[in-house]
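# Analysis of the macromolecular model
Read off the chains here:
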Amino acid sequence: MPEKEKLRIDKYLWSIRLFKTRTLASDACKAGRVKLNGTNIKPSHEVKVGEVYNVSKGLERKVLKVTGLLESRTDAKTAVMFYEDITPLEQTTAYKSMFHAPVLSRDRGAGRPTKRDRREIDDLQGGFFTAPQPPEGGAEDESAGKDTL
């Protein structure tokens, strides 16, 4: 594949098939979703071999190291040879685990859940969406200082 000495970051991200169009890659740079050493870069930034970029695409976060400059968009097998994905394993599994989580659904037309249904749903979710409750000893401490007749 032909290599160039100068290549824009938006064209590089498009050519390695990280974004579907060059416009989407350019918009991601303008929105601050492409970073080099923690700083936002412009779409016209020149890519150099060995640089490490942090790219955010929706929920997905990638850390890419440039191993070669690819001028034009090619097939996926060839594009993989021009970058190294050094994303930490924790970030990779966190993104994928979101799609394997169970999704609760109710039958259409079933109406609002009853109190019993709501408790069953909360038990099933394990209290994930409920607000933390205050400690139990709080109410007793206030009444301890008052005199009762």
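Higher on the page you've got the structure.
Residues numbered from 1 in each chain as written. Predicted model: local features only at pLDDT ≥ 70, side-chain atom pairs only at ≥ 80, totals over all residues. Heavy atoms only, no water.

When helices and strands are tallied, the protein chain shows 6 helices and 5 strands. Secondary structure elements in the protein chain, listed N-terminal to C-terminal, are α-α-β-β-β-β-α-β-α-α-α. For the protein chain, the proportion of its 149 residues judged to be buried stands at 23%. Within the protein chain, counting contacts between residues at least 6 apart in sequence, those at least 24 apart form 43% of the total. (Helix = DSSP H or I, 4+ residues; strand = E, 2+ residues; numbered from the N terminus. Buried < 20%, exposed > 50% of the residue type's maximum accessible area, 1.4 Å probe, protein only. Contact = heavy atoms within 4.5 Å.)

This next bit is on the pattern of salt bridges. For side chains of opposite charge, pairing can occur when their charged atoms come near one another. Across all of its chains, the model carries 6 salt bridges by this definition. Between Arg-116 and Glu-120 there is a salt bridge, with its nearest N and O atoms 3.7 Å apart. Of the two residues, Arg-116 and Glu-120 are both situated in helix 5 (residues 115-125); the distance of 4 residues between them amounts to about one turn of the helix. Residue Glu-120 is classed as partly exposed on the basis of its relative accessible area of 46%. Here Arg-118 and Asp-122 are joined by a salt bridge, their closest N and O atoms 3.2 Å apart. A residue pair is termed a helical-turn pair when its members lie 3 or 4 positions apart in one helix, as Arg-118 and Asp-122 do in helix 5 at 4 residues. We classify Asp-122 as partly exposed; its relative accessible area is 22%. Ionic contacts of the salt-bridge type, sharing partners, join the residues Arg-8, Asp-10 and Arg-22 into one network. (Salt bridge = Lys/Arg side-chain N within 4 Å of Asp/Glu carboxyl O.)

Our next topic: the sheet that holds strand 2 (residues 39-40). Ordered by their spatial adjacency, 5 strands build an open sheet running 2-1-3-4-5, and the pairing between neighbours is antiparallel. Whereas interior strands pair on both sides, the edge strands pair on one side only; in this sheet they are strand 2 and strand 5 (83-85). Alignment of strand 3 (residues 52-57) against strand 4 (residues 60-66), held across 6 bridges, turns out to be antiparallel. Paired with Ser-56 across the bridge in strand 4 is Arg-61. (Pairing = 2+ DSSP bridges.)

Turning our attention to the environment of Leu-36. For Leu-36, the position within the fold is in strand 1 (residues 34-36). In this structure the C-alpha to C-alpha distance between Leu-36 and Asn-54, which are 18 residues apart in sequence, comes to 6.5 Å. When near neighbours in sequence (up to four residues on either side) are disregarded, Leu-36 contacts Ile-41, His-45, Glu-51, Val-52 and Tyr-53.

On the secondary structure map, Arg-22 appears in helix 2 (residues 22-30). As a C-alpha pair, Arg-22 and Ile-9 span 13 residues in sequence and 9.8 Å in three-dimensional space. Setting aside chain neighbours within four positions, we find Arg-22 in contact with Arg-8, Asp-10, Lys-11 and Trp-14.

Right, let's get into the pairing of strand 4. Hairpin geometry of strand 3 and strand 4 is characterised by an intervening segment of 2 residues between the two adjacent antiparallel strands and by a positive phi of about 70° at Gly-58. Alignment of strand 4 against strand 5, held across 3 bridges, turns out to be antiparallel. Within the sheet, the bridge partner assigned to Lys-65 lies in strand 5 and is Glu-84.

We now examine the nonpolar core. Grouped together as the largest cluster of nonpolar side chains are 22 residues, with contacts concentrated most on Ile-9, Tyr-12, Leu-13, Val-34, Tyr-53 and Val-55. Those elements that provide at least two residues to this core are helix 1 (9-15), helix 2, strand 1, strand 3 and strand 4. Setting aside anything within four residues of it in sequence, one finds Val-55 in contact with Leu-13, Leu-18, Phe-19, Arg-33, Val-34, Glu-60, Arg-61, Lys-62 and Leu-64. (Core = buried A, V, L, I, M, F, W, Y, C linked by side-chain atoms within 4.5 Å.)

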